[in-house]
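# Topology and contacts: notes
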Amino acid sequence: MGHTELMPAAPQLRTGRPADPCTMVIFGAAGDLTRRKLIPALYNLAKSDLLSREFAIVGVARAEMSDEVFRKKITEDMKQFASDGVDSDLWEWFLRRMHYVRGNFGEKDLYPRLRDLLEKVDEEHSTHGNHLYYLATSADYFGPVVENLAAVGLMEESEHHWRRVIIEKPFGHDLESARALNQRLLSVAKEHQIYRIDHYLGKETVQNILALRFANGIFEPIWNRRYIDHVQISVTETVGVEQRGSYYDQAGALRDMVPNHMMQLISLTAMEPPVSFQADAVRDEQNKILRAIQPYTPEDVLIKTVRGQYGEGIINGERVPAYREEPDVPPDSRTETCVAMKLSIDNWRWADVPFYLRTGKRLAARHTQIVIQFRRAPFVLFRDTPVETLMPNQLVVHIQPEEGISLRFAAKVPGPSMRLGAVDMSFEYRDYFGTQPSTGYERLLHDCMIGDATLFQRADMVEAGWCVVSPVLDVWKALPPRYFPNYAAGTWGPKEADDLLEREGRHWRNFEK
Ligand code: BG6
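Residues numbered from 1 in each chain as written. Predicted model: local features only at pLDDT ≥ 70, side-chain atom pairs only at ≥ 80, totals over all residues. Heavy atoms only, no water.

When its secondary structure is counted, the protein shows 15 helices and 18 strands. Relative to the globule expectation of 24 Å for 513 residues, the C-alpha radius of gyration of the protein, 24 Å, shows essentially globular dimensions. In terms of its C-alpha atoms, the protein occupies a principal-axis envelope of roughly 85 × 55 × 45 Å. Within the protein, the proportion of its 513 residues that are buried is 54%. Considering only intrachain contacts with a sequence separation of at least 6, the fraction spanning at least 24 residues in the protein is 78%. (Helix = DSSP H or I, 4+ residues; strand = E, 2+ residues; numbered from the N terminus. Rg over C-alpha atoms; globule rule 2.2 N^0.38 Å. Buried < 20%, exposed > 50% of the residue type's maximum accessible area, 1.4 Å probe, protein only. Contact = heavy atoms within 4.5 Å.)

Spelled out as structure tokens, the structure:
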């Protein structure tokens, strides 16, 4: 689509202000997340002038390495994972502020050494004692690392400096463990110091849900039960479990995607307008939605949820193995690789509007979308024409890999009689705004460095997400599936996932190119 005029934004909104000076300490500095996402994201921030010039990185990992070896390793990784070309002067600047300390995250002796190093680094790079600790570690270390940091004074804040921790998922493996972890962290740190990351919130198209809903006058009046028939949220993937079999087999599709990423998508789609974009104003509204999701009874779990596991099949013309044949997966695994569920939000706006969720691995296409299906128009006018049914309008937010919004409506097919065809009006991000090299972590790291927690999960939100899935976990545990695998790789999942909608006269909108 054609030409656009960009609205003038306040300069600080358009470009963002540089982050506060700080030292970022990465626990798990030799791991995948660091090389694939964190370092490229920090580099992109520096390139856009959003990183303070007073900045340093301290990598922590188990391997014995000097600063020099660490810098060489990161340089090699950047060649592979940079989202764009690497500017040599900027990279040199970056390397000069990169340090390394060896240690086992669970061992106390690491922390006094880390504190001594941080003192030196803070002074050398004038980072004002602000520390951002990024826990790119296994979840077992979240509690111990934060406790150990606190024990040597590294969590203490003052008027002059801040101390923040970013924690990756999984945040607990059920409601009880999430609560226990929150309590453990909050016994040594304040809630405002803890940034629970959900990388879905780093996606521009996810943040755009707020702009679509609240920066336009035309959508909000119809965004409710009077006009909306149902909402579908699909996160379908073609990848299998790759090298993560041992994690995934313990987690399963439900834990891996629903209490976190899918709950973010639901809450942003369904929330009431917040009073401002202040972190707690937005998160209060999101949390109200999570709390309004009607809890499942055991009977509901049987009727309203579906689980599946992939057998072998064909993806992109190639035969791929069954889940049970993947590395580190037991040959009799009962772990689900696909979930579909129907949820109800018990509030004034959404009563009687079903929210259907679907996510899974090795499905027919990679696509994340939110489909808002509107109620049908009355048929009366068309009854004397060849039109047999009227199709509903759908507004679709395409999150990835397509990024945009489309509206499906009916148009007359040219010709002498009244016949209707479904047409799509679509907006694609790249047509208007081009594409920016991005890992999806830039915005989140920058927000943490300026103390904006809007796009991070609060303790109560994490717990509310687990409350939704807990009854499902309980029933599924008590009644192990007997019929796995029940879908072939490369299809749209088990038949029961289609039945979930079809018995109510509805259909998944499957992604077609
Ligand atoms: C992760 C899950 O949190 O999100 C993965 O653990 C999943 O299993 C991934 O593949 C999906 O993220 P994205 O950004 O590729 O949609």
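Next comes the rest of the account.
Moving on, we get to the sheet that holds strand 15 (residues 394-400). One open sheet accounts for eight strands, arranged 8-12-13-7-14-15-16-17; its pairing is mixed. A strand with exactly one partner marks an edge of an open sheet, and here the two such strands are strand 8 (305-308) and strand 17 (420-428). The average angle at which neighbouring strand axes cross in this sheet is 15 degrees, direction not considered. Pairing geometry for strand 14 (residues 367-374) and strand 15, over six bridges, is antiparallel. The residue bridging T368 from the neighbouring strand is Q400, located in strand 15. Packed on one face of the sheet, helix 9 (residues 245-270) meets strand 7 (228-236), strand 12 (338-343), strand 13 (355-360), strand 14 and strand 15 and runs near 140 degrees to strand 13. (Pairing = 2+ DSSP bridges. Axes fitted to C-alpha atoms, helices over the stretch in contact; angles between N-to-C directions.)

Within the structure shown, the criterion is met by 31 salt bridges. A salt bridge links R458 to D284; its shortest N-O distance comes to 2.9 Å. Of this pair, R458 sits in the loop between helix 13 (442-450) and helix 14 (459-478) while D284 is found in helix 10 (residues 279-292), placing the two residues 174 residues apart along the sequence. For R458, a relative accessible area of 10% corresponds to the buried category. Residue K304 pairs with D300 through a salt bridge whose shortest N-O separation is 3.7 Å. Here K304 and its partner D300 are both found in helix 11 (residues 298-304), four residues apart, which amounts to about one turn of the helix. Each member of the salt-bridge network shares a partner with another, and the members are D280, R283, D284, R458 and D460. (Salt bridge = Lys/Arg side-chain N within 4 Å of Asp/Glu carboxyl O.)

Surrounding the ligand, one finds K169, H199, Y200, K203, E237, R244, D256, M257, H261, K361 and Q400. Note that an oxygen atom of the ligand is positioned 2.7 Å from one of the side-chain N or O atoms of K169. The side chain of Y200 places a nitrogen or oxygen atom 2.7 Å from an oxygen atom of the ligand. Alone, the ligand offers 400 Å² of accessible surface; in the complex the protein occludes 81% of this. Grouping the amino acids of the shell around the ligand by side-chain chemistry returns two nonpolar, three polar and six charged. (Near = heavy atom within 4 Å. Polar contact = N/O pair within 3.5 Å; in protein donor to acceptor, adjacent residues only side chain to side chain. Areas by Shrake-Rupley, 256 points an atom, 1.4 Å probe, with all protein chains shown as cover. Nonpolar A, V, L, I, M, F, W, Y, C, P; charged D, E, K, R; others polar.)

This part is about the sheet that holds strand 1 (residues 22-27). If you walk across this open sheet you meet the six strands as 3-2-1-4-5-6, and the pairing is parallel. Strand pairing shows two members of the sheet lacking a second neighbour, strand 3 (98-102) and strand 6 (194-196), which therefore form its edges. Between one strand axis and the next, the sheet turns by 20 degrees as a mean value, whatever way the strands run. Sheet topology places strand 5 (residues 163-167) next to strand 6; three bridges connect them, and they run parallel. Following the sheet pairing, V165 is matched in strand 6 by I194. Running over the sheet, helix 5 (residues 110-125) touches strand 1, strand 2 (55-61), strand 3 and strand 4 (131-135) and is turned about 170 degrees from strand 3. Against the sheet, helix 13 makes contact with strand 1, strand 2, strand 4, strand 5 and strand 6, and its axis sits at roughly 155 degrees relative to strand 5, the strand it touches most.

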